[in-house]
Amino acid sequence: MSKNMGQTQNTGSTFLIRVIQWIVRKFSSGRHALRGQTILKIGLVVVFLFILTTGLTQIEGLTPYHPTKYRDAPRLEGPSIRHLMGTDQLKRDVFSRVISGGKASIIVAFGAVALSMSVGAILGWISGFTGGLLDRALSLSMDAIYSFPSMILAITLVAVLGTGIAPMIWSVGFVYIPTYFRVTRAEALQVRETTYVEAVRAVGASDVRIVLRHIAPNTVNAIMAVSSFNLADAILTVAALSFLGFGLPPPAPDWGFDIQNGQKYLQSGSWWLITFPGLMIIALSLGFGLIGEGVSDLVNPKRKRKRV
Amino acid sequence: MSGIARYIVQRLLLTIPMLLILLTFVFLILRVMPGDPVMAMLGGRNISPELIAEYRHKMGVDRPILVQYGEYLFGIFRGDFGESFRTSEPVVKELFLRFPATLELAAFGLLFAGIFGFGSGVIAATRADRPIDHTIRIFHIGSFATPLFWFGLMLQVFLAVKLGWFPVAGRVGGRIAFTFNSITGFYLLDSILSGNTKIMVDVAKHLVLPAITLGFALSGLLGRMSRASMLEVLGEDYVKTARAKGVKERIVIMSHALRNALIPIVTVFGLQFAILMGGAVLTETVFSWPGVASFLVRSIEGRDWPAIQGSIVFIAIFISIINLIVDISYSIIDPRVRY
């Protein structure tokens with residue numbers, strides 16, 4: 001028993017080490033991996049800048065005006081030198097709110113993807129490796145969720161769980177589980193049939209060991225490619241949830257919520273309230289999308305030649 | 001039984017467990033909802049416990065969960081989705097009242113996405129690696145980084161409010177709405193049947209921005225896939241043969257390549273339709289479009305259990321039917337598929 005547990009722990013940490021090694025090898029030891037990967041580099045820079053800006057602007061005093069407390073600007077005025085992105089109906093500075101409004105999006109996107117990645121991948125490994133009735137039941141359930149509009153599912157879940165960051169992570173994360181399940185299951189099915197798995201089984205390796213040491217590492221490439229695109233999509237889903245009013249409670253600055261707020265003043269032509277938060281969402285989502293393109297090229301060099 | 005008939009039966013049988021899983025799932029998540037529908041409906045605070053208990057009993061939420069589940073499934077089987085807590089009307093009636101609006105929006109959104117997405121993909125593929133190809137590709141990538149609701153609002157601000165080309169929201173103009181009598185619920189169809197050009201133009205104008213918004217979400221994805229698929233097909237031997245025979249380039253693309261390029265796109269159409277329905281939630285909200293999806297959002301806000309359940313079940317069944325149609329239509333597009 002204790003021997004078995006030790007082994008599980010050992011193989012579990014091995015998988016973690018493999019993932020870290022993968023990231024280190026592909027990215028930071030980088031001169032080789034990143035050479036010629038312009039798209040990937042641009043994406044990484046964009047995302048890094050967003051995280052940095054959002055992180056720094058959470059500190060009071062680092063935005064031109066306080067995003068919530070400052071209320072001395074003219075009401076609903078278009079962009080000017082003093083207020084680069086105009087002002088809102090509560091006489092606040094839109095620019096200060098926009099540059100600090102990405103907190104929820106970034107936290108929820110990473111949290112949700114981490115959640116769906118771990119749950120989806122583990123279920124995928126187990127399902128693909130064991131096969132049989134369990135595999136059928138899991139596949140059918142996942143297909144049922146997958147075929148349903150993810151946006152509607154996320155909205156329903158967030159309505160059930162309540163508003164705020166944690167409920168959004170759970171609901172957005174849940175919606176993406178089938179994506180990882182499908183990818184890892186497909187890989188696991190292939191690896192299961194290889195001769196090296198047969199060989200380690202012959203020398204008496206346990207199922208847990210085979211899954212974690214031989215199947216899991218082979219799915220890392222696929223997971224990495226999927227997850228960056230997934231982050232891009234998660235940013236949009238989070239923005240939509242906030243837009244519908246399921247996000248951070250006001251007056252916290254938040255892109256999606258600020259757009260909803262701007263919608264009320266749309267008839268008067270106050271375009272700046274909507275335009276700028278939206279451009280931020282696009283830029284961040286695009287950043288993750290570019291990383292996705294780059295990573296896909298990295299893990300599948302053939303793809304680069306005939307990139308779609 | 002012939003091949004295709006057996007296939008349809010098999011697909012139908014496979015749809016049942018999928019739906020059952022989805023229905024059970026919907027039932028479960030709605031029963032752990034923190035908000036209390038009785039409280040939400042009665043509103044206010046100082047309500048006597050007797051009244052709450054009475055309403056609980058009336059709505060049937062005081063019975064054991066398994067009994068509720070059984071009734072729920074049996075109800076759906078008979079086409080009875082319960083009564084809306086808010087309007088006291090049967091949910092099915094409410095849904096069918098709004099369904100034409102959603103279908104009309106989805107159809108025109110799809111039309112836009114199809115023309116724009118497929119067209120741009122084919123243009124990019126036939127001019128691969130030229131400036132126009134790069135421009136289109138950047139547009140494709142940009143389109144799925146763009147929040148749908150934001151795009152819709154941008155159209156509203158600039159094309160409707162600033163330029164006044166289109167109405168901001170709704171399905172029909174205020175003044176016309178008094179005289180306009182919808183029979184089928186499909187306003188465009190009704191307005192054409194009415195023979196009144198003024199109504200027709202008004203209804204069509206109301207449809208343009210929502211359809212573009214919804215279609216935009218899909219056009220990038222569709223465009224990317226069409227480009228990839230078209231590039232693949234253009235490298236095939238039969239295209240080379242056709243060209244070598246001296247067939248005109250336009251005919252090579254139109255009749256040899258296009259049809260084959262369509263196959264992989266149709267394969268994933270079912271999933272794209274799911275994206276479309278998800279996009280409909282946001283489009284309908286932004287444009288005050290009285291469809292099924294915006295009904296769902298308002299039901300969630302009002303914690304209207306039967307209405308939420310009903311809408312989701314309705315959408316799930318609808319998507320299953322679409323998926324079934326897509327699967328069967330493979331054989332029409334690709335004669336090599338045999339069941």
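Residues numbered from 1 in each chain as written. Chains lettered and ligands numbered in written order. Predicted model: local features only at pLDDT ≥ 70, side-chain atom pairs only at ≥ 80, totals over all residues.

**Student:** Quick question: what am I supposed to make of the overall build of chain A here?
**Tutor:** Across its full length, chain A carries 12 helices and 0 strands. Overall, chain A shows an N-to-C arrangement of helices and strands of α-α-α-α-α-α-α-α-α-α-α-α. When burial is assessed residue by residue, chain A has 51% of its 308 residues classed as buried. Residue pairs in contact within chain A that sit at least 24 positions apart in sequence constitute 69% of those at least 6 positions apart. (Helix = DSSP H or I, 4+ residues; strand = E, 2+ residues; numbered from the N terminus. Buried ≥ 20, exposed ≤ 12 C-beta atoms within 10 Å, placed from the backbone. Contact = placed C-beta atoms within 7 Å.)

**Student:** Would you take a moment to explain the overall build of chain B for this structure?
**Tutor:** From N to C terminus, chain B includes 15 helices and 0 strands. In chain B, which comprises 339 residues, the proportion classed as buried is 39%. Long-range pairs, those at least 24 residues apart, make up 72% of the contacts in chain B between residues at least 6 apart in sequence.

**Student:** Any chance you could explain the confidence of the model for chain B here in plain terms?
**Tutor:** When pLDDT drops low, the exact placement of atoms in the prediction is not to be read closely. Within chain B, residue pLDDT values average 80, and 89% of them lie at 70 or more. Across chain B, the secondary-structure element scoring lowest on mean pLDDT is helix α2 (residues 37–42) of chain B, at 63, and the one scoring highest is helix α5 (residues 91–126) of chain B, at 88. (pLDDT = per-residue confidence, 0-100.)

**Student:** Help me understand helix α6 (residues 150–161) of chain A in this model?
**Tutor:** Every α-helix winds through 3.6 residues per turn, so residues three or four apart in the chain are directed the same way. Taking 1.5 Å of rise per residue, the 12 residues of α6(A) would be expected to cover 16 Å, and the 16 Å separating its terminal C-alpha atoms lies within 8% of that figure. Of all the 12 residues making up α6(A), 12 are buried; the element is thus mostly covered by neighbouring parts of the structure. (Expected span 1.5 Å × (residues − 1).)

**Student:** Would you explain the environment of A:M151 in this entry?
**Tutor:** Note on placement: A:M151 falls in helix α6. A:M151 sits 145 residues away from A:S296 along the chain, and the two C-alpha atoms are 25 Å apart. Ignoring any residue separated from it by four or fewer positions in sequence, one finds A:M151 in contact with A:T237, A:A240, B:G278 and B:V281.

**Student:** I tried to follow the nonpolar core on my own but got confused; where do I start?
**Tutor:** Soluble globular proteins tend to bury their nonpolar side chains together. The biggest cluster of nonpolar side chains holds 171 residues, and the ones touching the most others in it are A:I155, A:V172, A:I235 and A:V238. When residues in this core are grouped by element, the largest group, 20 residues, is from helix α9 (residues 207–243) of chain A. If near-sequence neighbours (up to four positions away) are discounted, A:I155 is found in contact with A:L241, A:L244, B:V281, B:V297 and B:I300. (Core = buried A, V, L, I, M, F, W, Y, C linked by C-beta atoms within 7 Å.)

**Student:** Explanation requested: the interface of chain B and chain A in the structure shown.
**Tutor:** Interface size, as often reported, equals the accessible area lost upon joining of the parts. Every contact between the two is made by 44 residues of chain B and, on the other side, 38 residues of chain A. For the side of chain B that touches chain A, the elements supplying multiple residues, two or more each, are α1 (3–31), α6 (131–143), α7 (148–162), α10 (197–234), α13 (269–286), α14 (292–301) and α15 (305–333) of chain B. Looking at the side of chain B that touches chain A residue by residue, the classes come out as 34 nonpolar, 7 polar and 3 charged. (Nonpolar A, V, L, I, M, F, W, Y, C, P; charged D, E, K, R; others polar.)

**Student:** Would you mind going over the packing of α6(A) against α13(B) with me for this structure?
**Tutor:** The description of two packed helices rests on the angle between their axes and on the distance between the axes. Packing of α6(A) against α13(B) leaves a shortest axis separation of 6 Å and a crossing angle of 55 degrees. Our classification of the angle between α6(A) and α13(B) gives oblique. Contact residues: α6(A) offers A:S150, A:M151, A:I152 and A:I155, while α13(B) offers B:M277, B:G278 and B:V281. (Axes fitted to C-alpha atoms, helices over the stretch in contact; angles between N-to-C directions. Parallel < 35°, antiparallel > 145°, perpendicular 65-115°, else oblique.)

**Student:** Help me out: how do you make sense of the confidence of the model for chain A in this one?
**Tutor:** All names here are of chain A. For chain A, per-residue confidence averages 81 on the pLDDT scale, and 88% of positions sit at 70 or higher. The least confident element of chain A is helix α12 (residues 301–305), whose mean pLDDT is 56; the most confident is helix α4 (residues 103–130), at 91. Scored below 50 in pLDDT, residues 1–9 makes 3 contacts in the model with residues more than four places away or belonging to other chains.

**Student:** How should unusual backbone geometry be read in this particular structure?
**Tutor:** Most peptide bonds are trans, and most residues other than glycine sit at a negative phi. Residues and elements named next belong to chain B. Even without being a glycine, S88 presents a positive backbone phi close to 60 degrees. On the secondary structure map, S88 appears in the loop between α4 (65–77) and α5. The exposure class assigned to S88 is exposed, which follows from the 7 C-beta atoms found within 10 Å. Look at S288: it is not a glycine, yet its phi comes out positive at around 45 degrees. Along the chain, the position of S288 falls in the loop between α13 and α14.

**Student:** Is there a simple way to explain helix α5 (residues 132–147) of chain A in this structure?
**Tutor:** Over its 16 residues, α5(A) extends 22 Å from the first C-alpha to the last, a length consistent with the 22 Å expected when each residue adds 1.5 Å. Burial in α5(A) covers these residues: A:S141, A:M142, A:A144, A:I145 and A:S147.

**Student:** What is the right way to read the environment of B:L221 from this model?
**Tutor:** Here B:L221 shows up in helix α10. Along the primary structure B:L221 and B:G117 are separated by 104 residues, whereas in three dimensions their C-alpha atoms are 7.5 Å apart.

**Student:** How should I be thinking about the environment of A:S100 in this particular structure?
**Tutor:** Residue and element names in this part refer to chain A. Residue placement: S100 occurs in helix α3 (residues 94–100). Taking the C-alpha atoms as reference points, S100 and T57, separated by 43 residues in sequence, lie 5.2 Å from one another. Not counting residues up to four positions away in its chain, the partners in contact with S100 are T54, T57, Q58, T63, P67 and P253.

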